[in-house]
Each structure stands twice: as C-alpha cells, then as structure tokens.
Amino acid sequence: MTLIMVPPPETQVEHHLGVLARTGVARPALEDALTTIVDAAIELTHAQQGVLLLAKSSGNLEVTVARDAQRVSLPLHQVQISSGVLSRAMGSRRELIVTEAEEGSSTARQASIGAPGLHTILVIPVDKLPLAESLDATVAGRQSELLAVLYLDSCWPFFHLDREALRMLARKVAIVVENAALFAALCEKARLDHEVEITGQIQRQMQPVQFPRVPELEITGFTVECHAVGGDCLDVVKLSDRCHGLLVGDIAGKGIPASLLASLLQGLFVTIGALDLPPEEVVSRVNRYLCERSPEDWYATLFYAILDSSGRLDYVNAGHVPALIRRCSGKVESLESSNFPVGMFSDAQYTRGTTQIEVDNFLLIYTDGIPEAKNRRSEFFGEAGLRRLLQEFPGQTVDDLAEAVRAGVRAFTEGAPQSDDIAVLAVHYRGVGNLSTTSVRPARAMRASNALGRSAPLVGRIHPTKRKLLKGDRPWHS
Amino acid sequence: MALIMTEQELNGITVVDMKGEIVLGEESNAFRDKIKELLMAGKKKIVLNVANVNYIDSTGVGVLVACFNSARSHDAALKLANVWSRFREVLQMTRLLTVFDTYDSESAAIQSFAKSLRVAG
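About the criteria used
- Residues numbered from 1 in each chain as written.
- Chains lettered and ligands numbered in written order.
- Predicted model: local features only at pLDDT ≥ 70, side-chain atom pairs only at ≥ 80, totals over all residues.
- Heavy atoms only, no water.
- Helix = DSSP H or I, 4+ residues; strand = E, 2+ residues; numbered from the N terminus.
- Buried < 20%, exposed > 50% of the residue type's maximum accessible area, 1.4 Å probe, protein only.
- Contact = heavy atoms within 4.5 Å.
- Areas by Shrake-Rupley, 256 points an atom, 1.4 Å probe, with all protein chains shown as cover.
- Pairing = 2+ DSSP bridges.
- Axes fitted to C-alpha atoms, helices over the stretch in contact; angles between N-to-C directions.
- Arc of directions from axis to C-beta.
- Parallel < 35°, antiparallel > 145°, perpendicular 65-115°, else oblique.
- Left-handed = near helix turned anticlockwise from the far one by under 90°.
- Nonpolar A, V, L, I, M, F, W, Y, C, P; charged D, E, K, R; others polar.
- Salt bridge = Lys/Arg side-chain N within 4 Å of Asp/Glu carboxyl O.
- pLDDT = per-residue confidence, 0-100.
- Phe/Tyr/Trp six-rings, centres within 6.5 Å; stacked < 30°, edge-to-face > 60°.
- Lys NZ or Arg CZ within 6 Å of the ring centre and 35° of its normal.

A. Expanded view of the overall build of chain B. What chain B contains, in helices and strands, is four helices and five strands. Starting at the N terminus and ending at the C terminus, chain B contains elements arranged as β-β-α-β-α-β-α-β-α. When each of the 121 residues of chain B is scored for burial, the buried share is 49%. Long-range pairs, those at least 24 residues apart, make up 68% of the contacts in chain B with a sequence separation of at least 6. Summed over all atoms, the accessible surface of chain B reaches about 5700 Å², with 50% contributed by carbon and sulfur.

Below, the structure written as structure tokens:
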C-alpha cells in the first residue's frame, strides 16, 4: 500500500482558496464556481470522483456538479448517490467516511458512482455560516441551514485525511456558495430593474404630449416621479366642442402593479367619458368595472370633472384631495370629497358637485404628493400651504401657476428627498369670446426633473406613487 | 417586519392590539392574514386597537377595507378603536367613516358590542 503524504491542512486549504478566489473573479457564474469547488475537493482528498449536491428550498438535494479526477464533467443523470450514506451524514451533519470495512457489503457496495471497485465514500455537509461566531454558543443545539453536500468517491481508503482541513474547506466553500447565490440574486434584480425601466418608458410613450387648445381654456400640468413606473395619472379629453373632461387619479400601491392599474384607469375614463354621460355616471361605471376586474384590496382616488365652455364645472371627487379654485379676488375655494374611492365597493353611489368658474379663475387639481411633501423639520406642506400659494399667486397664466406650485414646494422642502409622486393639472378659464384680461400665451411644455435627474415628460403622464395617508414619509425633491 | 399584533379575548370579543406600520409588503400581508385567521376560526366580534399604529399607507387602507368586506361576508363585525386625527381625516376623505365603526377607546368599542346585543334583544 502506498502511503500518501498530505501537506499541512492550512497549506492545502489556502491553496484551494486561492484557486477559488482567482476562479471566482474570472468566472463568477455559480455553476463555474461550484465546479471549481468539486475539483478542489477531489484534489485535496485524492478522490477519483466528486459530486456537489445543492440544497433546494424544498429540502431536497439536487446533483449540480459531478467531476472526475481528470477534471472532466460527468453526466448528471448518470450519477448515483448512496442514499444510505447520504442520510447518515445528513443525520449527524458531520463529515462521514464510509469504507468497505466499516459498512460491510451492503451500503458501501452500492457503487455510488456506478464504477466497479469504488468502495470508499466521503460525505461533507456544507452548512450556512452563522452571522457571528457567538451565535454558535447562543443557539447551541440549533442546526445551521444546509447549503450543499460534497460527495467524494475513491477506490482506495482516504488515508491521512485531515478532518480539520476538510472542515475548513467546507467553511470556505460555504462562503463561495453564498456569495455566488447573492451574485445570482443581484443579476436577477438588475434584470428586473431593467424591465421596470422599459415599462416606464412604454408608459410615458402612451401618454398625450399636448393638451387641447381652445380659446376659452388654458391648460397645463406636470408630474414629478419618484420611480421608473407608478400609479398617478392625469388626462384631459375633449368631449365635444363645448366640453372637456379633466382627470387626476392616484392609485393605491406602487411599482408595476400600480402603473398597470393607472393605465387601465386612464383608458377607462377616456373611453367611458366619450359616451356623453354625466360625471357621476362615468365614475360609477368605472367603479363597477374596476371592482369586477381589479385585485380585492386595490382602489384609486380621483377627481373627475367636465368643464363646459361657459365655465360650468360638474365634478366628482372620489376620496381625493380637494381641488382648489382661485377666484379673481384671491379667495381660494375647495371642492371636497364626498364619495368613496373607485374600486372599493361595487355598490357605491357617486354624487357630483357643481360650481361656476368665472373668467380669470384658476382651477388646480393635484395628487397628495403636494400636501404631503415634507421638509427637513418633518413639517408637511399641507393643503394650507397650497391654498396660501394660490392666494398669493401673482401670475396670469397656467404656466405661471404650475411653476409657482413647483417652486413653492421645492422651497418648502429645502431640498429634502422626494417621498411621493406629484401630479398637477392647472386650468385657467378665459371665458367665451376670450373675455380674459390676462395676456394670452400658449400652454408650453414644462419639464420637470426628478431626484434621479431624469426629465419627466409632461402632462398626461402616469407616474408611480404610493399614496401616503399619514406622516412619516420621505420629503419631496424636484 | 414593522407591525406587531397581539390578540386577547374579552367576553367573546377578540381585541387585536396593533403596533407599528400598516404598509405595502410584509406588514399589510400579515394584517390580512391575521384577520383571515380570526374569521376562519369563527370570531364574529373583532376590535382593532390602532392607537399605536403610527403609519398606514394607501395599501394599508386597501387591506383594511378588504378585511372589512371579508368580515361582512363572514357575518362578523370589525370595529376600530383609538383612531387618531390624521387617520380619521383620511377615513373621512374617503368616506370610510360611514362604513367603519370607530371609537375613541378600546373599552367603548367593546361596550358597543354589548349595546348591539341589547338592541337586538
């Protein structure tokens, strides 16, 4: 019998750790890293064949890598594992060496890899490392999570095998396996982030780029988004030569689900609004449709109005923040909510309000990202702040008003990060026959860049938002 | 998870003390699961003490409504105790104050069940 001289364990382990480190840098894929692990284990133990089984979330072990001593991959479906030896090792959660002398003829001669004459099996469980060494003492008796199993076969006994070296190798490979899994998770996140970005681009491209231009109305709006996609929506639709439908909506939740529902909501209003129905009937139909088709706990608040060329405004405020009208005197009136949000109760009844907008009045419809904008002292901008801004507004056009709102909130938040998306729709009624005394300028496109530096396309966009109902959110930043 | 819920039985009424946030994610899911668990266990009288809920977002409100609807379908009653000012404003704006039974204290909410029995009787 040939005596195999084994180098000191720390030398062996560091050598293989170096191999793993170099390989990890050059070949970050999990499968490549695991292949290197098996090769290293074979070389360390002088085994003839090695198998790595990964623990799945189901609790089963799955053969992931199978290699021979010549560093050739073996077909995974042809690998045979001694279930008895594996079970013994799993039961003790310690490395196990099974030789023909110990096991007799039954277990060891199951020919675990299928090759004749192989009769020595080494099984090394690889456990997840504790967060701190002290956990070993504080959670005595509690088994760590099993990450993988190294299964090594040899046709001769594993003489002079240093178990401490094997434990060190298992410890090191646990780091590699966990790091590889983390890297795979990062790659998946990057892929999902990219898909979200694409979704946001598609969403923005679906929105109108211009508002209707008629003599009696001047309309503009803007949004400032928090994320790539989200759930604020606004739109203006010409219903007839005399009437326009105005919509600002705020979908509960955030991310892709909210953005999908925002698109649906906007499409519903454009379609149903064109049926020449009163606003309460439009909202009611939208509500019934959404209750039938949307998730159980989903809903949206919205302000929908039909503005006639005579200045008559018929509106439905469905659980939304109040729209504001600035009169020529500087007085600010609010159009409060008196209805349920849509998507909550299928049998909800909606009632409309009516008011008259006079020449040179301004109408402001917005989402709660404005009043819930917070400064560094955790103070909210509030509806009061918005009313004050409107009262003191000296401008004459909707562009002036929209810019005043943006600047006012920006100044209030003092550069604090934006916590919610913002949507604002501003209307200046100039009267029939253009009785307005203000200078007439076409509503120009307004650009707003968000905290991430992305320029947000303007009016009619859908933006992600998470409707904040209570204090404690991240402030607004433009 | 930033939401802790503890329950206790008081004369056949289940009181759930809630502490933390009811927001999108684990918290709202846990809240929904808790109410579902109580309803499946046959609880018919549930008081949610929200005194220590310091934050609820739009998703949380949606889950609250869904829980209310579930309770209704199980012939159960869900009541809110210690609804504080900002929370109440939101419930008012969304007209949910006309749907939820809200009380200024846990004891008032519990007593309301007894009054309901007397009225029914």
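B. Representation of the sheet that holds strand β3 (residues 45-56) of chain B in the model. All names here are of chain B. Read from one edge of the open sheet, five strands run β1-β2-β3-β4-β5, paired in mixed fashion. What marks the edges here is a single partner per strand, and that holds for β1 (3-10) and β5 (101-103). Across the sheet, the axes of successive neighbouring strands diverge by a mean angle of 25°, strand direction being ignored. Where strand β2 (residues 13-22) and β3 come together, eight bridges link them in parallel fashion. Along β3, the bridge assignment pairs V15 with V47. Contacts from helix α1 (residues 26-40) reach β1, β2, β3 and β4 (77-81), with the element oriented near 20° to β1.

C. Molecular detail of helix α3 (residues 85-93) of chain B. Residue and element names in this part refer to chain B. Three or more residues of α3 are buried, namely R86, F87, V90, L91 and M93. The buried side chains of α3 occupy one side of the element, clustering within an arc of 165° when seen end-on. Set apart from the buried face of α3 by more than 90 degrees, the exposed residues are S85 and Q92. Among the structural elements, β3, α2 (58-73), β4 and β5 are those in contact with the buried residues of α3.

D. View of the packing of helix α7 (residues 255-273) of chain A against helix α8 (residues 279-293) of chain A. Residues and elements named next belong to chain A. As a packed pair, α7 and α8 sit with axes 10 Å apart at the nearest point and diverge in direction by 135°. Considering their axes alone, α7 and α8 lie oblique with respect to each other. Considering only the axes of α7 and α8, their crossing is right-handed. Residues L264, L265, L268, F269, I272 and G273 of α7 touch α8, and the partners they reach there are V282, V283, R285, V286, Y289 and L290. Split into classes, the residues belonging to the contact of α7 with α8 amount to ten nonpolar, one polar and one charged.

E. The arrangement of the environment of L264 of chain A in detail. All names here are of chain A. Looking at where L264 falls in the secondary structure, it is placed in helix α7. Sequence separation between L264 and L290 is 26 residues; the distance between their C-alpha atoms is 9.0 Å. Those residues in contact with L264 that sit more than four places away from it in its chain are Y289 and L290.

F. Here's a closer look at unusual backbone geometry. Residues and elements named next belong to chain A. Located in the positive-phi region is R71, a residue other than glycine, with phi close to 65°. Within the chain, D276 stands out as a residue other than glycine whose phi angle is a positive 60°. In this structure D276 comes out as exposed when scored by relative accessible area, which is 73%.

G. Structural context of the sheet that holds strand β6 (residues 217-224) of chain A. Residue and element names in this part refer to chain A. With antiparallel pairing, five strands are arranged side by side in an open sheet as β6-β15-β14-β11-β12. Every interior strand has two partners, whereas the edge strands, β6 and β12 (332-335), have only one. Taken over all neighbouring pairs, the strand axes of this sheet differ in orientation by 20° on average, direction set aside. Both strand β14 (residues 362-366) and strand β15 (residues 422-429) contribute to a ladder of five bridges, which runs antiparallel. Paired with Y366 across the strands is V424, a residue of β15.

H. Seen up close, the pattern of salt bridges. Residues and elements named next belong to chain A. Enumeration over the complete set of coordinates arrives at 26 salt bridges over all chains. We note a salt bridge from E43 to R71, for which the minimum N-O separation is 3.0 Å. Taken as a pair, E43 in helix α2 (residues 30-45) and R71 in the loop between β2 (61-68) and α3 (83-92) lie far apart in primary sequence, 28 residues in all. The exposure class assigned to R71 is partly exposed, which follows from its relative accessible area of 46%. We note a salt bridge from R352 to E280, for which the minimum N-O separation is 3.7 Å.

I. Spotlight on the confidence of the model for chain A. Residues and elements named next belong to chain A. Mean pLDDT for chain A: 77, with 75% of residues reaching 70 or above. Contacts from residues 101-116, a stretch scored under 50 in pLDDT, to residues over four places away or in other chains number 30 contacts. Long-range and interchain partners of residues 439-478, a stretch whose pLDDT sits below 50, account for 184 contacts in this model, where long-range means more than four residues apart.

J. Representation of the packing of aromatic side chains. Counted according to the given criterion, the structure contains six aromatic pairs over all chains. Seen in terms of ring centroids, F303 of chain A and Y315 of chain A are 5.5 Å apart; in terms of plane orientation they differ by 10°. Their pairing is stacked. Here F303 of chain A, found in strand β9 (residues 300-308), pairs with Y315 of chain A, found in strand β10 (residues 312-318); they are twelve residues apart in sequence, far enough to count as distant. Accessibility assignment for this pair places F303 of chain A and Y315 of chain A in one class, buried. Ring plane angle 70° and centroid distance 5.0 Å describe the contact between F340 of chain A and F345 of chain A, whose orientation is recorded as edge-to-face. This pair shows no difference in class: F340 of chain A is buried, exactly as F345 of chain A is. Cation over ring: K79 of chain B sits above F113 of chain B, and NZ or CZ is 4.4 Å from the ring centre.

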